[in-house]
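Take a look at the letters that make up each chain.
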Amino acid sequence: MQIQIPEDSLNGFNDKAKEKLSEAATEFVGDLIEESNRIESSRNTTGNDPEITSSMVNDARVLIRRGLSQPKKGIGLKILRIASAILSLLVGVLYDSAKLQSGGYMLIFIGVITASILTVTISTIKE
C-alpha cells in the first residue's frame, strides 16, 4: 500500500522534516494496524479467521488520537512489578517481632521495606 502526500502540502518542509514526517506517519500507521488487530481479536468470539472492518480501523484511530489505546509495556516495567511483588512478600516473611529487637535484623528489615515502597511507588507511577 502506498500513501501519497501532495507536494504542495509540504511547502516549507526541508528534506530532514520530510524524513521525520515519513517516520512519524509510518509509526502511526503501524500503531493503527496493531490497535485494529487488538480490537478485532477482542471482538472475534467465534475463532474464525481475523477480519478487520472499517469500523474497527476507525475505532483504533479514535483510541490512538485520544491517547486511550493500551500503551506498550516494556520489559523493565514487568521486572519492576515482579520485584515489587517479591519485595512486598519478603517484608511479610521477614516480620518477626522477636528478631526485630536485634539491630542488624532491624536494619535489613528497614532496607527491605524501603526497597519495597520504592518499587511499588515507581511501578504505580509508570503505569
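Predicted model only: the values in this text are computed from it and were never measured. (Residues numbered from 1 in each chain as written. Predicted model: local features only at pLDDT ≥ 70, side-chain atom pairs only at ≥ 80, totals over all residues. Heavy atoms only, no water.)

Draft legend 1. The overall build of the protein, seen in detail. Broken down by element type, the protein carries 4 helices and 0 strands. Along the chain direction, N to C, the helices and strands of the protein fall in the order α-α-α-α. Whereas a compact globule of 127 residues would reach a radius of gyration of roughly 14 Å, the protein reaches 25 Å, over 25% beyond that. Seen through its principal axes, the protein has C-alpha atoms that stretch 75 × 50 × 20 Å. (Helix = DSSP H or I, 4+ residues; strand = E, 2+ residues; numbered from the N terminus. Rg over C-alpha atoms; globule rule 2.2 N^0.38 Å.)

Draft legend 2. Local environment of the pattern of salt bridges. For the coordinates displayed, the defined rule picks out 4 salt bridges. A salt bridge links Lys18 to Glu7, with the shortest nitrogen-to-oxygen separation between them at 3.6 Å. In this pair, Lys18 is assigned in helix H1 (residues 15–43) and Glu7 in the segment before H1, connecting sequence segments 11 residues apart. Judged by relative accessible area, which is 55%, Glu7 ranks as exposed. (Salt bridge = Lys/Arg side-chain N within 4 Å of Asp/Glu carboxyl O. Buried < 20%, exposed > 50% of the residue type's maximum accessible area, 1.4 Å probe, protein only.)

Draft legend 3. Structural view of the packing of aromatic side chains. Under the definition given, this model contains 1 aromatic pair. A ring pair is formed by Tyr95 and Phe109, whose centres lie 6.1 Å apart and whose planes are at 50 degrees; its orientation type is tilted. Of this pair, Tyr95 sits in the loop between helix H3 (75–94) and helix H4 (103–126) while Phe109 sits in helix H4, and the two are 14 residues apart along the sequence. A residue is classified by how much of its surface remains accessible, and Tyr95, at 52% relative accessible area, is exposed. (Phe/Tyr/Trp six-rings, centres within 6.5 Å; stacked < 30°, edge-to-face > 60°.)

Draft legend 4. Focus on the side chain of Thr119. Note on placement: Thr119 falls in helix H4. Once residues lying within four places of it in the same chain are set aside, the contact partners of Thr119 are Leu80, Ala83, Ser84 and Leu87. (Contact = heavy atoms within 4.5 Å.)

Draft legend 5. Quick look at the packing of H3 against H4. The geometry of H3 relative to H4 is characterised by a closest axis approach of 8 Å and an angle of 145 degrees between their N-to-C directions. Both H3 and H4 take part in a crossing whose hand is left-handed. Together, Leu77, Leu80, Arg81, Ala83, Ser84, Leu87, Ser88, Leu90, Val91 and Leu94 of H3 and Tyr105, Phe109, Val112, Ile113, Ala115, Ser116, Thr119, Val120, Ile122, Ser123 and Lys126 of H4 make up the contact between the two elements. Broken down by class, the residue content of the contact of H3 with H4 amounts to 14 nonpolar, 5 polar and 2 charged. (Axes fitted to C-alpha atoms, helices over the stretch in contact; angles between N-to-C directions. Left-handed = near helix turned anticlockwise from the far one by under 90°. Nonpolar A, V, L, I, M, F, W, Y, C, P; charged D, E, K, R; others polar.)

Draft legend 6. Highlighting a nonpolar patch on the surface. Among the surface-exposed residues, Met1, Ile3, Ile5, Phe13, Leu21, Phe28, Val29 and Ile33 lie close enough to one another that they form a single nonpolar patch of about 800 Å² accessible area. Mapped onto the elements, Ile33 comes out in helix H1. (Patch = residues over 30% accessible without salt bridge, like charges linked within 9 Å, V, L, I, M, F, W, Y side chains within 5 Å. Areas by Shrake-Rupley, 256 points an atom, 1.4 Å probe, with all protein chains shown as cover.)

Draft legend 7. Molecular detail of the environment of Leu87. As for its position among the elements, Leu87 is in helix H3. We classify Leu87 as buried; its relative accessible area is 18%. Placed 52 residues apart in sequence, Leu87 and Glu35 show a C-alpha to C-alpha distance of 34 Å. Each residue touching Leu87, except ones within four places of it in the same chain, is listed here: Val112, Ala115, Ser116 and Thr119.

Draft legend 8. Expanded view of H3. Compared with an ideal rise of 1.5 Å per residue, which puts 20 residues at 28 Å, H3 spans 28 Å between its outermost C-alpha atoms and is within 8% of the ideal. Looking at H3, one finds that the buried residues are Leu77, Ser84, Leu87, Val91 and Leu94. Down the axis of H3, the smallest arc covering the buried residues is 115 degrees, so these residues share one side. Exposed positions of H3 whose direction lies more than 90 degrees from the buried face are Ile75, Ile79, Ile82, Ile86, Leu89, Gly92 and Val93. Buried residues along H3 sit against H4. (Expected span 1.5 Å × (residues − 1). Arc of directions from axis to C-beta.)

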